[in-house]
Amino acid sequence: METIAGKIVTHEKEFLGSIEFDPTTGLITKVKEGIEPKSRQFSEDCVIFPGFGDIHIHAREDVTGKHTYKEDFLSASAAAINGGVIHVADMPNNPVPPIDDATYTAKQALTEKAPIHITLYAGIGPHTKPLSKKVPYKVFMGPSIGELFFHDNPSLEEVIQHYEGQDVSFHCEDPEILIANKDQPTHETRRPKEAETVATDFALYLIEKYNLKGKLCHYSTKDGLSKIIAAKKRGVKVTCEVTPTHLMFDTDMLTETNHKWFQMNPPLRGREDREAMVKGILDGHIDYLATDHAPHSIEEKQKGTSGISQLDTYGLFVTYMILNLNIPMTLIAKICSKNPGEFVAPYLPKQFGKGVGAINEGYAANFSILNLKKPVEFKKSMIKSKSGWSPFEGFQFPGSIEAVYYLGKEIHAK
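Per chain, residues are indexed from 1 in the order of the written sequence. Per-residue local features of the predicted model are confined to residues with pLDDT of at least 70, and side-chain atom pairs are confined, for both listing and counting, to 80 or more; whole-chain, interface and lining totals are unaffected and use all residues. Just so you know, side-chain values use all the structure's heavy atoms and leave hydrogens and water out.

Engineer: Please explain the pairing of strand S7 (residues 85-90) as it appears in this structure.
Structural biologist: Regular strands place their side chains on alternate faces of the sheet. Note on exposure labels: buried denotes an accessible area under 20% of the residue type's maximum, exposed denotes more than 50%, and partly exposed covers the range between, all computed with a 1.4 Å probe on protein chains only. Helix and strand assignments come from DSSP, with helices taken as H or I runs of at least 4 residues and strands as E runs of at least 2, each series counted from the N terminus. Counting buried residues in S7 gives six out of six residues, a clear majority hidden from the surface. Pairs of strands are assigned from DSSP output, requiring at least two bridges between the strands. When strand S6 (residues 52-57) meets S7, the two strands line up parallel, connected through four bridges. Bridging from a neighbouring strand, Gly53 pairs with His87 of S7. Once you follow S6 into helix H1 (residues 73-82) and on to S7, the crossover reads as right-handed. In this sheet, strand S8 (residues 117-120) lies alongside S7 in parallel orientation, the contact comprising four bridges. Bridge pairing in S8 links Val88 to Ile118. If you view a crossover with the strands going away from you and the path from the first strand over the helix to the second runs clockwise, you call it right-handed.

Right, dumping it as structure tokens:
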């Protein structure tokens, strides 16, 4: 048995305590208040969180290998560990998307080499049907990166009716509004706020009508968030994510030189929307911090490809949320640990015991340990993603990552 001790934070409370775990099974055997003398003790500057999970990344690997120059399951895992993340969920917009039993199983086999657990979404596209086993699904309501999307809402509803009761995540951008604005002068005006808010109405309608367990990805607009809040109040089973970039940056910060690096779908919004996302976390309306890690090469970004590489900085950004945005640590444990853990719970193998994202007996001994008194400047040389770039290069984060445990063993990014 091994024991770590120090300041522990869960979604329910903060306390000084000790966690005993079995490195052989990888599971927690005992949690108690107080510092166990014969333990690895983390200083008062550190916080022990249940292991962080990023449930929205694009690792780029599939059976074709066409996009592994951007990222693969090994490099995405290294970037995750580097960012203090111990499980991720990968999106399906690959050259050969996982849309049926055969393509899903083939892609899943590629994840087995990864040093952390990778949950896979299956894709929903024109003419697809649910898989024979339980998996999470992703639908692109309009064109983004890849070919797996719909051109109009009636086509989407025709397909989604087959997924009644399933776990479906939506990329909310209305296809007709995107088409109507395709000749606008900037990326931000080509994908306006209305594209998200109108798509949100339709996604909520589908979630309610077909009893879906719905999730709205990388949320970015104040008006749309108010629709989600209202839907939750009337009992719709919907949750939503926010990305670090939509919490830290807005269109006021865009310049001629940084514009292409900050191009993503959905794009950056105005200051009012950014502040609404922060308030959405504080008020308990946003359920997940998820990066939408979308690694593209430096050359592709310079040509205007949408997507931001930011898995490497997940845990560092959490220190910014705690120390700069004043987000309570119990809330951090909820949106970075507990909720992501509950999202992947139905899809975890038995080795994870009762699950991930909690510090309780029988749960996986996964811990993300942050030092809140040791600032770090994030440098290009620290990036583990194959993309080789980060929007946070040169940024001074107020804290750092002290240690990462996965199934009872301390792990390091390779």
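Further notes follow.
Engineer: Where do I start with the side chain of Ser39 in this structure?
Structural biologist: Looking at the element boundaries, Ser39 is found in the loop between strand S3 (27-33) and strand S4 (40-41). Polar contact criterion, stated in full: a pair of N or O atoms within 3.5 Å, where within protein one must be able to donate a hydrogen and the other to accept it, and residues adjacent in sequence count only if both atoms are side-chain atoms. A polar atom in the side chain of Ser39 sits 2.5 Å from the backbone oxygen of Glu36. If we skip the residues at most four places from it in the chain, Ser39 touches Thr3, Ile4 and Ala5. Two residues form a contact once any of their heavy atoms are found within 4.5 Å.

Engineer: What should I look at first to understand the pairing of strand S5 (residues 46-50) in this one?
Structural biologist: The buried fraction of S5 is high, at five of five residues. Here S5 runs beside strand S15 (residues 367-371); their pairing, made up of five bridges, is antiparallel. Bridge assignment links Pro50 to a residue of S15, and that residue is Phe367.

Engineer: Even after reading the chapter, I still don't get the nonpolar core, so can you show me in this structure?
Structural biologist: Note on soluble globular proteins: their nonpolar side chains tend to be buried together. Each nonpolar core is a collection of buried residues, namely Ala, Val, Leu, Ile, Met, Phe, Trp, Tyr and Cys, held together in the definition by side-chain atoms within 4.5 Å. Of all hydrophobic cores here, the largest spans 106 residues; its most connected members are Phe49, Phe170, Leu216, Leu289 and Met321. Sequence-distant contacts of Leu216, defined by excluding residues within four places in its chain, comprise Phe170, Cys172, Thr200, Ala203, Ile207, Ile228, Val238, Thr239, Cys240 and Glu241. Counting residues in hydrophobic clusters, the runner-up holds 15 residues, among them Ile8, Phe42, Cys46 and Ala403.

Engineer: For this particular structure, what's the right way to read the sheet that holds strand S12 (residues 213-216)?
Structural biologist: To summarise the sheet geometry, strands pair through backbone hydrogen bonds and adopt either a parallel or an antiparallel arrangement. Taking strand neighbours across the sheet as the criterion, the six strands line up as S9-S10-S11-S12-S13-S14 in an open arrangement whose pairing is parallel. Every interior strand has two partners, whereas the edge strands, strand S9 (122-124) and strand S14 (288-289), have only one. Where strand S10 (residues 137-140) lies against strand S11 (residues 167-171), four bridges are found, and the strand directions are parallel. Within S11, the position partnered with Phe140 by the bridge is His171. Axis definition: a line fitted to C-alpha atoms, limited for helices to the stretch in contact. Angles are taken between N-to-C directions and run from 0 to 180 degrees. Strand contacts of helix H6 (residues 193-209): S11, S12 and strand S13 (238-242), with the helix running at about 165° to S12, the strand carrying the most contacts.

Engineer: What am I meant to see in the side chain of Asn265 here?
Structural biologist: Secondary-structure assignment places Asn265 in the loop between helix H8 (244-248) and helix H9 (271-282). Reaching out from Asn265, the side chain makes a polar contact with the side chain of His187 at a distance of 3.0 Å. Only 3.2 Å separates the side chain of Asn265 from the side chain of Ser306, close enough to count as a polar contact.

Engineer: Help me out: how do you make sense of the packing of aromatic side chains in this one?
Structural biologist: Pairing of aromatic side chains requires ring centres within 6.5 Å, counting the rings of Phe and Tyr and the six-membered ring of Trp. Pairs whose planes differ by under 30 degrees are stacked, by over 60 edge-to-face, and all others tilted. One pass over the full model with this rule turns up 19 aromatic pairs. A centroid spacing of 5.6 Å and a plane angle of 55° characterise the contact between Phe392 and Phe397, whose relative ring orientation is tilted. In this pair, the class of Phe392 matches that of Phe397, namely buried. Clustering of aromatic rings is evident, with ring pairs tying together Phe249, Phe262, Phe317, Tyr320, Phe392, Phe395 and Phe397. Definition used: whenever NZ (Lys) or CZ (Arg) falls within 6 Å of the ring centre and also within 35 degrees of the ring normal, the charge is taken to sit over that ring. Above the ring of Phe15, the side-chain terminus of Lys13 is found at 4.7 Å from the ring centroid. Cation over ring: Lys215 sits above Phe343, and NZ or CZ is 5.0 Å from the ring centre.

Engineer: What exactly am I supposed to notice about the pattern of salt bridges here?
Structural biologist: Side-chain pairs of opposite charge can arise where the charged atoms are in close proximity. Salt bridge, as applied in this entry: a Lys or Arg side-chain nitrogen positioned within 4 Å of an Asp or Glu carboxyl oxygen. Within this structure, the stated rule accounts for 24 salt bridges. Between Lys13 and Glu33 there is a salt bridge, with the nearest N and O atoms lying 3.4 Å from each other. Within this pair, whereas Lys13 is found in the loop between strand S1 (2-9) and strand S2 (14-22), its partner Glu33 is found in strand S3, the two being separated by 20 residues in sequence. In this structure Lys13 comes out as partly exposed when scored by relative accessible area, which is 39%. Between Arg191 and Glu173 there is a salt bridge, and its shortest N-O distance comes to 2.9 Å. Here Arg191 is found in the loop between helix H5 (187-190) and H6, whereas its partner Glu173 is found in the loop between S11 and helix H4 (175-180), with 18 residues between them in sequence. Classification of Glu173 as buried rests on a relative accessible area of 1%.

Engineer: Help me out: how do you make sense of the environment of Pro92 in this one?
Structural biologist: The residue Pro92 is located in the loop between S7 and helix H2 (101-111) in this model. Along the primary structure Pro92 and Lys279 are separated by 187 residues, whereas in three dimensions their C-alpha atoms are 30 Å apart. Sequence-distant contacts of Pro92, defined by excluding residues within four places in its chain, comprise Pro97, Pro98, Lys107, Tyr121, Ala122, Gly123, Lys138 and Leu148.

Engineer: Help me understand unusual backbone geometry, please; the structure alone is not making it clear to me.
Structural biologist: Trans is the common state for peptide bonds, and a negative phi is the common state for residues other than glycine. Cis geometry marks the peptide bond from Asn265 to Pro266; its omega dihedral reads 0°. Looking at the secondary structure, you find Pro266 in the loop between H8 and H9. With a phi angle near 55°, Asn326 is a residue other than glycine that sits in the positive phi range. Examined against the element boundaries, Asn326 turns out to sit in the loop between helix H11 (314-323) and helix H12 (329-344). Judged by relative accessible area, Asn326 falls into the exposed class, the value being 58%. Look at Leu407: it is not a glycine, yet its phi comes out positive at around 50°. Along the chain, Leu407 falls in the loop between strand S18 (400-406) and strand S19 (409-410). Residue classification places Leu407 among the buried positions, given a relative accessible area of 12%.

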